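For reference, the chains in residue letters:
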Amino acid sequence: MHQAFIQAQKAFEKDEVPVGAVIVKNQQIIGRGFNQRELLKDPTAHAEILAITAAANSISDWRLDGGYLYVTKEPCPMCAGAIIMSRLNMVVFGCYDEEQGCCGSLYQLCGDPRFGKKIGVKGGILEEQCLDLIQDFFRTKRKT
């Protein structure tokens, strides 16, 4: 989770909403990502999507079975869908997202067995630290 937080700090430094993600498989990081929607002018450039793409490229396979996604904020519906489709085993996230979170807050897409594979979910890891970074970002934005 600390590595995901480092990715979130990179997003903050690039004036992006500070969300970071890493994917671990066989105890090695195989993918990293941080939000880059503004930089890439791409609405899909969320940390999770970029980490999934990097991981798939790293192992030359879109199937990320056995992989764990660590992300600093609860995934949105788009990212939850990508998590399901990439066949990750588990999502571990920092702060909850009551407005768009789809791993327990608003919906529970990742844990829904109707998608063919129930993906484990654990939230609240480094929650305060992850939430503080996001809140600092938006506080800074409101001042300018």
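Conventions adopted
- Residues numbered from 1 in each chain as written.
- Predicted model: local features only at pLDDT ≥ 70, side-chain atom pairs only at ≥ 80, totals over all residues.
- Heavy atoms only, no water.
- Phe/Tyr/Trp six-rings, centres within 6.5 Å; stacked < 30°, edge-to-face > 60°.
- Core = buried A, V, L, I, M, F, W, Y, C linked by side-chain atoms within 4.5 Å.
- Buried < 20%, exposed > 50% of the residue type's maximum accessible area, 1.4 Å probe, protein only.
- Helix = DSSP H or I, 4+ residues; strand = E, 2+ residues; numbered from the N terminus.
- Contact = heavy atoms within 4.5 Å.
- Disulfide = S-S within 2.5 Å.
- Salt bridge = Lys/Arg side-chain N within 4 Å of Asp/Glu carboxyl O.
- Pairing = 2+ DSSP bridges.

In this description, an aromatic ring pair is defined by two values, namely the gap between the centres and the angle between the planes. If you walk through the whole model with that rule in mind, you get three aromatic pairs. Measuring from centroid to centroid gives 4.9 Å for F93 and Y96, while their planes differ by 80°, and the two rings are edge-to-face. Here a set of aromatic residues connected by ring pairs shows up, and it is made of F12, F137 and F138.

Let us now look at the nonpolar core. Grouped together as the largest cluster of nonpolar side chains are 32 residues, with contacts concentrated most on I23, L69, I83 and V91. Only α1 (2–13), β1 (20–25), α3 (47–59), β3 (68–73), α4 (77–86), β4 (90–95) and α5 (127–143) provide two or more residues apiece to this core. Residue contacts for V91: discarding those within four places in its chain leaves L69, V71, P75, I83, C110, I119, G120, V121 and K122.

Right, let's talk about the state of the cysteines for a bit. Should the sulfur atoms of two cysteines be covalently bonded, the bond is a disulfide. This structure, assessed with the given rule, holds zero disulfides. With no disulfide of its own, C95 has C130 as its nearest cysteine by sulfur position, at a separation of 5.7 Å. What makes C95 buried here is its relative accessible area of 2%. Free cysteine: C110, not disulfide-bonded; nearest cysteine sulfur from C103 at 3.4 Å.

Topologically, A54 is positioned in helix α3. Accessibility expressed as a relative area gives 28% for A54, which makes it partly exposed. Between the alpha carbons of A54 and G31 there is a distance of 4.7 Å; along the sequence they are 23 residues apart. With residues near it in sequence (within four places) discarded, A54 still touches I30, G31 and R32.

Before going further, it helps to spend a moment on the pattern of salt bridges. The full count for this structure, using the stated rule, is six salt bridges. The residue K141 makes a salt bridge to D15 at a minimum N-O spacing of 2.8 Å. Residue K141 is found in helix α5, and its partner D15 is found in the loop between α1 and β1; the two are separated by 126 residues along the sequence. With a relative accessible area of 35%, K141 lands in the partly exposed category. Measuring nitrogen to oxygen at the nearest pair gives 2.5 Å for the salt bridge that ties R114 to D112. Taking the relative accessible area as the measure of exposure, R114 reaches 74% and is therefore exposed. We classify D112 as buried; its relative accessible area is 13%.

Here the focus is the pairing of β4. Summarising burial for β4: five of the six residues are buried, a large majority. Pairing analysis gives five bridges linking β3 to β4, with the strands arranged parallel. Paired with Y70 across the strands is V92, a residue of β4. When β4 meets strand β5 (residues 120–122), the two strands line up parallel, connected through three bridges. Opposite V92, over in β5, you have K122 as the bridge partner.

So, to be careful, I would describe these as geometric facts and stop short of saying anything about function.
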